[in-house]
Amino acid sequence: MPLYREKGVVLRSYKLGEADRIIVLLTQGRGKVRAVAKGVRRTKSKFGSRLEAASVVQLQLYEGRNLDIITQAERVESFSELRADFGRYGRAALLLEIVDSTIVEGESNPALFKMLTGALRELDRTGNNLVVPAFVAKLLVLEGVQPRVDSCVSCGSTENLATIQIHEGGVLCSNCPRGERLSTAARLALVDIFANRVRHVLETTPPAIAQELETLAARLVEQHTERRLRAPSVLYEQLNP
Ligand SMILES: [Zn+2]
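Conventions used here
Residues numbered from 1 in each chain as written. Predicted model: local features only at pLDDT ≥ 70, side-chain atom pairs only at ≥ 80, totals over all residues. Helix = DSSP H or I, 4+ residues; strand = E, 2+ residues; numbered from the N terminus. Buried ≥ 20, exposed ≤ 12 C-beta atoms within 10 Å, placed from the backbone. Pairing = 2+ DSSP bridges. Axes fitted to C-alpha atoms, helices over the stretch in contact; angles between N-to-C directions. Contact = placed C-beta atoms within 7 Å. Core = buried A, V, L, I, M, F, W, Y, C linked by C-beta atoms within 7 Å. Domains from an automatic or database assignment.

Student: Explain the environment of Arg-121 here, please?
Tutor: Turning to its location among the elements, Arg-121 is positioned in helix 3 (residues 110-126). Residue Arg-121 is classed as partly exposed on the basis of its 15 C-beta neighbours within 10 Å. Here the alpha-carbon distance between Arg-121 and Glu-18, two residues 103 residues apart in the chain, equals 34 Å.

Take a look at the structure:
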């Protein structure tokens with residue numbers, strides 16, 4: 001049986017049989033991988049809680065006929081602050097769901113692995129609610145579907161850009177009035193993110209704009225994947241009961 005080692009972020013897991021789970025991971029070298037953790041649901045499992053969602057783990061696996069089997073798992077990063085705070089954990093869950101719904105198995109994507117671990121670290125450290133929109137913007141660039149935010153997608157004007165129409169691919173000006181309202185501050189934050197000024201955006205964007213961008217980010221992903229995300233409604237119901 002060919003053995004291999006991989007570092008991965010646990011995206012989610014689900015039950016298999018009596019005691020096992022299938023773990024869905026974003027790995028550093030092999031992209032998205034589904035692998036079996038045998039006996040993980042037993043109380044004395046050698047894996048303990050190491051394969052919980054949002055953990056970064058170093059794994060040893062062997063290649064099975066259908067699914068790979070995890071033989072060893074060591075936690076590299078556990079993000080304890082993130083797990084202790086509902087808002088942070090809810091946003092981490094949203095990141096994991098976004099990655100899981102956007103990428104397919106069998107495509108190596110080391111840039112995405114780096115982005116996801118970086119975003120989880122930032123959430124763990126600061127809980128900044130711009131982490132999700134900044135991540136989504138970068139993900140759309142990686143996927144080649146970056147929305148246009150510096151000129152009107154209909155007439156090309158760079159003046160009075162006031163709305164966004166996701167399925168048309170970006171912002172619109174006041175002479176092409178359709179789509180949803182997008183504040184100038186939110187639009188300029190997107191311009192900055194696309195120009196790699198993420199740190200600046202994380203540190204200077206006011207909370208109301210962050211919230212506007214967070215809502216927009218979830219909708220951008222839903223438009224791209226043609227799938228509804230579950231994590232946003234869970235997050236917002238808990239944060240605004
Ligand atoms: Zn226009």
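Student: Would you mind going over the sheet that holds strand 3 (residues 31-37) with me for this structure?
Tutor: Within a beta sheet, neighbouring strands are joined by backbone hydrogen bonds and run either parallel or antiparallel to one another. In spatial order, the strands read 1-2-3-5-4; together these five strands close into a barrel with mixed pairing. If you compare each strand with its neighbour and ignore which way they point, the axes differ by 50 degrees on average. When strand 4 (residues 56-62) meets strand 5 (residues 68-77), the two strands line up antiparallel, connected through seven bridges. Residue pairing across strands places Leu-59 opposite Ala-73, the latter belonging to strand 5. The sheet strands contacting helix 2 (residues 86-102) are strand 1 (3-16) and strand 2 (20-27), and the helix crosses strand 1 at an angle near 105 degrees.

Student: Explain the pairing of strand 3 to me, please; I cannot follow it from the model alone.
Tutor: On a regular strand, each side chain points to the face opposite its neighbour's, so the side chains alternate between the two faces of the sheet. Note that strand 2 and strand 3 share seven bridges and pair antiparallel. Within the sheet, the bridge partner assigned to Leu-26 lies in strand 3 and is Lys-32. The antiparallel hairpin formed by strand 2 and strand 3 contains three residues in its connecting segment. Pairing analysis gives two bridges linking strand 3 to strand 5, with the strands arranged parallel. What sits directly across from Ala-35, in strand 5, is Asp-68.

Student: Explanation requested: the nonpolar core in the structure shown.
Tutor: Formed by 68 residues in total, the largest nonpolar core has its most connected members in Leu-25, Ala-92, Leu-95, Leu-116, Leu-120 and Val-136. Each of two domains, domain 1 (3-78) and domain 2 (84-239), supplies a minimum of three residues to this core. Not counting residues within four places of it along the chain, the set of residues in contact with Leu-95 comprises Leu-116, Ala-119, Leu-120, Val-132 and Phe-135.

Student: Could you clarify how one ought to interpret unusual backbone geometry in this entry?
Tutor: Where the residue is not glycine, phi is negative for most of them; where a peptide bond is considered, it is trans in most cases. Positive phi is not limited to glycine here, since Asn-160 has a value of about 50 degrees. With respect to the element layout, Asn-160 can be found in the loop between helix 4 (131-142) and strand 6 (161-165). Judged by C-beta crowding, with 14 C-beta atoms within 10 Å, Asn-160 ranks as partly exposed. Phi is positive for Glu-226, which is not a glycine, with a value near 55 degrees. Examined against the element boundaries, Glu-226 turns out to sit in the loop between helix 7 (207-225) and helix 8 (231-239).

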